[in-house]
Number of protein chains: 4
Amino acid sequence: MPKTRIGLIGYGGIGRVHAAAYRAIPFHYGLPADSIEIAGVATTRRETAARAAAEIGCDFFTDDYRELLVRDDIDAVDICTPNNSHHELVLAAAAAGKHIYCEKPLAMNALEAASMAQAVAAAGLKAQVTSNFRFFPAVMRARHLIDEGFLGRIFSFRGRYHRSSYIDRDKPMSWRLERAVTGGGALFDLGSHILDLLYYVLGEFDSVHGALDTLIKERPRAKGSAEMAPVDVDDIALLHARLRDGTLGTVEISRMGTGATNDLTFEVFGDRGAIRFNLNEPGWLHVYDARAADSPLGGERGFRKIEAVSRYAGQRAPDWTMTPDFMRAHAECQYQFIKAIWDDRDPSPSFADGLHVQKIMAAAERSSEKGRWVSLSDV
Amino acid sequence: MPKTRIGLIGYGGIGRVHAAAYRAIPFHYGLPADSIEIAGVATTRRETAARAAAEIGCDFFTDDYRELLVRDDIDAVDICTPNNSHHELVLAAAAAGKHIYCEKPLAMNALEAASMAQAVAAAGLKAQVTSNFRFFPAVMRARHLIDEGFLGRIFSFRGRYHRSSYIDRDKPMSWRLERAVTGGGALFDLGSHILDLLYYVLGEFDSVHGALDTLIKERPRAKGSAEMAPVDVDDIALLHARLRDGTLGTVEISRMGTGATNDLTFEVFGDRGAIRFNLNEPGWLHVYDARAADSPLGGERGFRKIEAVSRYAGQRAPDWTMTPDFMRAHAECQYQFIKAIWDDRDPSPSFADGLHVQKIMAAAERSSEKGRWVSLSDV
Amino acid sequence: MPKTRIGLIGYGGIGRVHAAAYRAIPFHYGLPADSIEIAGVATTRRETAARAAAEIGCDFFTDDYRELLVRDDIDAVDICTPNNSHHELVLAAAAAGKHIYCEKPLAMNALEAASMAQAVAAAGLKAQVTSNFRFFPAVMRARHLIDEGFLGRIFSFRGRYHRSSYIDRDKPMSWRLERAVTGGGALFDLGSHILDLLYYVLGEFDSVHGALDTLIKERPRAKGSAEMAPVDVDDIALLHARLRDGTLGTVEISRMGTGATNDLTFEVFGDRGAIRFNLNEPGWLHVYDARAADSPLGGERGFRKIEAVSRYAGQRAPDWTMTPDFMRAHAECQYQFIKAIWDDRDPSPSFADGLHVQKIMAAAERSSEKGRWVSLSDV
Amino acid sequence: MPKTRIGLIGYGGIGRVHAAAYRAIPFHYGLPADSIEIAGVATTRRETAARAAAEIGCDFFTDDYRELLVRDDIDAVDICTPNNSHHELVLAAAAAGKHIYCEKPLAMNALEAASMAQAVAAAGLKAQVTSNFRFFPAVMRARHLIDEGFLGRIFSFRGRYHRSSYIDRDKPMSWRLERAVTGGGALFDLGSHILDLLYYVLGEFDSVHGALDTLIKERPRAKGSAEMAPVDVDDIALLHARLRDGTLGTVEISRMGTGATNDLTFEVFGDRGAIRFNLNEPGWLHVYDARAADSPLGGERGFRKIEAVSRYAGQRAPDWTMTPDFMRAHAECQYQFIKAIWDDRDPSPSFADGLHVQKIMAAAERSSEKGRWVSLSDV
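Residues numbered from 1 in each chain as written. Chains lettered and ligands numbered in written order. Predicted model: local features only at pLDDT ≥ 70, side-chain atom pairs only at ≥ 80, totals over all residues. Heavy atoms only, no water.

Notes on the overall build of chain A
1) Next: Tallying secondary structure elements over chain A gives eleven helices and 17 strands in all.
2) Next: Rg of the C-alpha trace for chain A: 21 Å, near the compact-globule value of 21 Å for 379 residues, within the 12% margin.
3) Next: Expressed along its principal axes, the backbone C-alpha trace of chain A runs to roughly 65 × 55 × 40 Å.
4) Next: Expressed as a percentage of the 379 residues in chain A, the buried residues total 65%.
5) Next: Residue pairs in contact within chain A that sit at least 24 positions apart in sequence constitute 71% of those at least 6 positions apart.
6) Next: By element, 46% of the accessible surface of chain A is carried by carbon and sulfur atoms, the whole surface being about 12,700 Å².
7) Next: Averaging the positions of the 45 positive and the 50 negative side-chain charges in chain A gives two centres separated by 2 Å. (Helix = DSSP H or I, 4+ residues; strand = E, 2+ residues; numbered from the N terminus. Rg over C-alpha atoms; globule rule 2.2 N^0.38 Å. Buried < 20%, exposed > 50% of the residue type's maximum accessible area, 1.4 Å probe, protein only. Contact = heavy atoms within 4.5 Å. Areas by Shrake-Rupley, 256 points an atom, 1.4 Å probe, with all protein chains shown as cover. Lys, Arg positive; Asp, Glu negative; His and termini not counted. Charge placed at Lys NZ, Arg CZ, Asp CG, Glu CD.)

Below you can see the structure in the form of structure tokens.
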């Protein structure tokens, strides 16, 4: 039986989710409990590392990730730190010969992403980016339907990711609003998700027109502070996009989508059918079949809401979940990474995929500055 | 008691709707039956004109609209003919001193629209464009909420009008696919509606970025024909738009929106609230109140679906209609025109409004050709 | 060309709706304007009758319905008065040889309804009850699907009609809360609608279990009055029902359905499929096809929302209405009545249908008193 | 730091879910990994027990649950076996002095349930029933709103649990269709969930009217077999119910709800507001505030969809989950049990709660036989 030992780097909110998800995998797939082990954890402070280790139930913890990388009892690292550390960590992990699972967005910019993709390829390591939303059953079903030609020729598409986390102008500055830490704003934080989904179901992007705006241009330096700090990242990013195959579509990204909680949707229109996905119903896909004219319904057509949940091939428990949550999709993404190691095959979503998304975002930013379309080959 | 006598020009599908709507107005508002009279009808053929007159219950009919314009017993004309005749008809009606109610889009292009607006202004006539969707209760409520500041500062907006009437590549050519008759494609036919709504609730547009596509570039000349004819209008039009006040938004227009019947929606996001409108629920508005934190619900917020139907001021029957239909909105639009005559005030939506929409469409077309933003002042 | 002249009795809210609906019919079906004429109107007071006649545009009006009945230029009467006058009016109209269109519920009780049905049958007249909700496209489609066996063997059903018009305990007494005027409470006012729909799509009822409650047992005699009057009708009526064919189902009726506007729904479950109707989407039917396992969707099933609007056979304008409103369904119901006269066939819904609904309501009331099931043959 | 060691009895689908849920708790609440330990597992066969132990990662396994009960290193047992074994297992566990967590429905009938409740009370042990649906955030929020009087006086309620697992008449017999194993049909399997939720949010039931039906009365003994076996449990159960406080409501339970996946909903109507819950949106509650007339919305009311997710007090990760899944609610239910042990307080939902639900089901069955209302005090 294969066994993979993981070193976790970073244990904020998302690190905890990853840890919990690794623990759930054996139950989802009927594996021995010890086939996936979190063998150590690194954070930036000794006390948070110790607390993380207790919660995880592992012996080793450190405030220096390098100590993790030198350990022989660690096969892979999982990087859950802020965006501006990914490049350094990935290069170090690759040098240490560890497989790598890295949170999205992959890097601060396309250049960094390219060098990271190159490093892991050169080292012959398995490297996957956390595009966890790909692993909701309805997204997998959408991809499958498009691949098998159910939609026919694709006419156009639309994607959106809205949150409303920053609508309050009194909300103070944070690292998520600083380009130096995050690399970008809503486009990076939210856009990386929806752009990856569109790329996953529809294929490569060719060029984009972007319109980015910073709606609240300065914020209190701290909660209640009268001193203001400038916001140097976008709050909203609107895109028109051309895919390689010529398909035209539109994408809306905003962290000022008042009223939204996690309003991520996409739609694809084809000459034989259409689909609609909504993150709030991740186990269901809305499907329209333009060929339904000769069905027993006598020529009437309409969107059908199909249960997409059986798409976790091999899942054992629970045997039904109409509402696979956030954690389940993370577990699936991580399981695919682990399986890629066990089966010695290329993981997906790969760093090359992460790089493609990074290029889309770079093209959108440049387009917004220039006021014209920008090709991905120019970034 | 005031009384208005109308001459109807054109009696295809939409002419019939206008006629029925005039007849319903007295019941909606408790007016004498004869306060609004359809006194004559003109079509292009004598037999269709005769049949229209019987159905309407009027004595006069003609296949020459000029005969209608010279009659003293006609106060106003209602123009329900294809787009490429509007300019001629409006100018003739204005010269004849008739008030004018004209179907949308107002004209074939911004130049025509400008000359029509100038002609009616010079003649001191009441002239209104059929922007019937403005008169759904939830649209009126949306405008009212924005006007009174309920949404606070506007962050951004989104609009959409999708139909799927042309997804079948075997559907033959028709006048709706010929630029010489319609002036434009989906952008003109559907876009004129959603752009007018956004303009109505949000105010004037400053500039747009347009991406237009003709998805099926040639079609059979006639049903079943092997001979193909080129399609010279757009099937899909994607817009980014800046309003005069700087607000950035996005608009999607398509007649290839597979699965759509009449999928018209808009959303507006502000720092104090948000709204969502959907044409399939024209009596309801989805409203989000960001100030709801201190309500009895204890700090929880969410979209509320409010009944907007009471917005027909003065309506008498029926006392409830959750689903005001297509015809009801037409009746309301026509009633506002009649009232403008009776009260001697400027009608709304005016020809100037129609012209503004025409400019947005022209800017979108030019932008799509040039691959960059185009200002309305440049068209 | 046939022609029918109608005398309208009663011109409150619903009388006005009927009048407007008659006027719309020629436009919906391309008929001569004068094929349906409202030739006179009777109310209880001369001034309301005069105002009604002006609004309708008819010459004759009276405050004595007998004057209407004796006129030769009237072929049919349309009864829009409170429930406790239906019996007298129907008998008088039958004696005068007029065809009869009567608002629902048909009568104060099953006995009255039976004598009315007998009277019109004996006189050989066309008599129809206003079950206008039958004429929403999705209801017609539901009936059609069940008739053609699309659902297979029927397992069970559910119906509901909720309004919230009486939740405020300070709302004063009105005739709708007096048994002597209405014959019953929510069961009669709202129940007559949903029970008729279930009967229409599923067939005859055999027996029912009813649980009725008066939730607010006394109310101010008038607005603001301190004097209280007892409420002697039900506010809520819950039914279990067995159809003749043995099918078991459930029905919920309430005018204290807090939050409801016109929350009328029904669902039917069969071994091959299921349907769901919602009055707020009267042009759409939700349909589930249990045989869909071998579709191109590869074994996935789900509810499909189909457009049911094409069901108005022969309709000419408008060519699309996703939201056929209250008035449109009235027009259709009235048109079927007129057509039954013109074609000399039995109208549907007939007085016998009205009587069946009356028996269901009577059985529900008796069951609630007795605490056990009551058969329709025992009322 | 407290620590609880659990012995798991039964490791079918639901046993696996419980095991996974225990493992997730430390991550949800920031606890040391070893504070909850699954110390052993018992199934009916040695090889399944061994496989379960490997998956769980525990050393002890057995095919004789008594070996589990005698172990000192086990503080509590978790019973995940079929209904007909609960009584024996609970009594044995109580005799062994173990705290008990038992799957629902608690027992085969009210008599068994009463003796089980008595046994654990007499032994002074913590005993909880798996009413996991109580622990969806929106259900907790519903209870909270009702408790604090947000709905005012309760008018009525409705509950429903529909699945469609048995609509195919070729589906063969199984233990879920045998009264001797399950104690009842849809009423027990699905009804126990929805009845518990209604009891949880609204309080004790007084009496019920039940109408139960077995829609497919015999099924193949095995897949494809021509030999038929009788089905002796209900497929559908319709209830009218009176609560102790007099409130009247209705409940629909069916495993022949064609088209349903997990269609569990409830609604509560009060004079100040209303709520709607839907299991497919377990993190959201639909709330209507009848007092909203004086809000900034200017007198309009409507249902608001509020995010209920913050209701997991103390939850640490993830900080948002709009779609808390099946597993999350199990984890919460189990955590409450563990906390009751640690804090030495009465667990909730208790065995007394399980007994109350059992009585409602017994009264419904008896009512259906007798054709009249049955009081819970008579079962």
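After that view, the rundown keeps rolling.
A few points about the pairing of strand S14 (residues 273-278) of chain A
Each regular strand displays side chains that alternate between the two surfaces of the sheet.
Residues and elements named next belong to chain A.
1) Next: Bridge count between strand S13 (residues 263-270) and S14: five bridges; the pairing is antiparallel. Bridge pairing links Phe-269 to Ala-274 in S14.
2) Next: What sits between the antiparallel neighbours S13 and S14 is a turn of two residues.
3) Next: Where S14 lies against strand S15 (residues 284-289), four bridges are found, and the strand directions are antiparallel. For Ala-274, the partnering residue across the bridge sits in S15 and is Tyr-288.
4) Next: What sits between the antiparallel neighbours S14 and S15 is a turn of five residues. (Pairing = 2+ DSSP bridges.)

Things to note about the relation of the copies chain B and chain A
One copy of the chain maps onto the second through a rotation around an axis plus a translation along that axis.
1) Next: Superposing chain B onto chain A takes a rotation of 180 degrees combined with a translation of 0.0 Å along the rotation axis, leaving an RMSD of 0.0 Å. Taken together, these values place the two copies in the relation of a two-fold axis. No C-alpha of chain B lies nearer the rotation axis than that of Arg-372 of chain B, which sits 2.4 Å from it.
2) Next: Residue by residue, 100% of the interface of chain B is reproduced at the interface of chain A, so both copies engage with the same surface. (Least-squares fit on C-alpha atoms with pLDDT ≥ 70 in both.)

Digging into empty space enclosed by the protein
1) Next: A volume near 180 Å³ is recorded for the second largest cavity.
2) Next: Every residue lining the second largest cavity is counted, 15 residues in all, and those nearest its centre are Ala-24 and Met-327 of chain A together with Ala-24, His-28 and Met-327 of chain D.
3) Next: Class assignment of the residues belonging to the lining of the second largest cavity gives a composition of seven nonpolar, two polar and six charged. (1 Å grid on protein atoms, 1.4 Å probe; cavity = no way out; pocket = protein on both sides within 12 Å on 5 of 7 lines; lining within 4 Å. Points joined across faces, edges and corners; volume = space filled by probe spheres on them. Nonpolar A, V, L, I, M, F, W, Y, C, P; charged D, E, K, R; others polar.)

Structural notes on the interface of chain B and chain A
1) Next: Contact residues are listed per partner, giving 42 residues for chain B and 42 residues for chain A.
2) Next: Buried surface at the junction of chain B and chain A, both sides included, amounts to about 3,200 Å², of which 57% is carbon and sulfur.
3) Next: On the chain B side of the interface with chain A, the three residues burying the most area are Phe-155, His-240 and Thr-258 of chain B, jointly 18% of the side's total.
4) Next: Between chain B and chain A we count eight salt bridges in total.
5) Next: The closest approach of N and O atoms between Arg-160 of chain A and Glu-267 of chain B, which form a salt bridge, is 2.7 Å.
6) Next: Linking chain B to chain A there are 16 residue pairs in polar contact (both at pLDDT 80 or more). (Buried area = accessible area lost by both parts, 1.4 Å probe. Salt bridge = Lys/Arg side-chain N within 4 Å of Asp/Glu carboxyl O. Polar contact = N/O pair within 3.5 Å; in protein donor to acceptor, adjacent residues only side chain to side chain.)

Here's the deal with the sheet that holds strand S6 (residues 127-129) of chain B
Strands belonging to one sheet form pairs held by backbone hydrogen bonds; the direction of such a pair is parallel or antiparallel.
All names here are of chain B.
1) Next: The parallel open sheet is built from six strands, whose spatial order is S3-S2-S1-S4-S5-S6. Edge positions in the sheet fall to strand S3 (60-62) and S6, since each of these pairs with one other strand and no more. Geometrically, the sheet is characterised by an average inter-axis angle of 20 degrees between neighbouring strands, direction not taken into account.
2) Next: Sitting on the sheet, helix H4 (residues 83-95) touches strand S1 (4-9), strand S4 (76-79) and strand S5 (99-102), and the angle it makes with S5 is about 165 degrees. (Axes fitted to C-alpha atoms, helices over the stretch in contact; angles between N-to-C directions.)

Section: the sheet that holds strand S4 (residues 76-79) of chain D
Residues and elements named next belong to chain D.
1) Next: Ordered in space as S3-S2-S1-S4-S5-S6, the six strands form an open sheet in which the pairing is parallel. A single partner strand is all that each edge strand has here, and the edge strands are strand S3 (60-62) and strand S6 (127-129). Going from strand to strand, the sheet's axes swing by 20 degrees on average, the running direction of each strand aside.
2) Next: In this structure, strand S5 (residues 99-102) lies alongside S6, joined through three bridges in parallel fashion. Bridge pairing in S6 places Cys-102 opposite Val-129.

A few points about the pattern of salt bridges
1) Next: Counting across every chain of the model gives 118 salt bridges over all chains.
2) Next: Its salt-bridge partner being Arg-158 of chain A, residue Glu-252 of chain A comes within 2.9 Å of it at the nearest N-O pair. Of this pair, Glu-252 of chain A sits in strand S12 (residues 248-254) while Arg-158 of chain A sits in strand S7 (residues 154-162), and the two are 94 residues apart along the sequence.
3) Next: Taking relative accessible area as the criterion, Glu-252 of chain A reaches 1% and is therefore assigned buried.
4) Next: The class for Arg-158 of chain A is buried, based on a relative accessible area of 7%.
5) Next: Across the pair Arg-134 of chain C and Asp-353 of chain C runs a salt bridge, and its minimum N-O distance is 3.8 Å. Here Arg-134 of chain C, found in the loop between strand S6 (127-129) and helix H6 (137-147), pairs with Asp-353 of chain C, found in helix H11 (residues 351-370); they are 219 residues apart in sequence, far enough to count as distant.
6) Next: Under the relative-accessibility criterion, Arg-134 of chain C is labelled buried at 3%.

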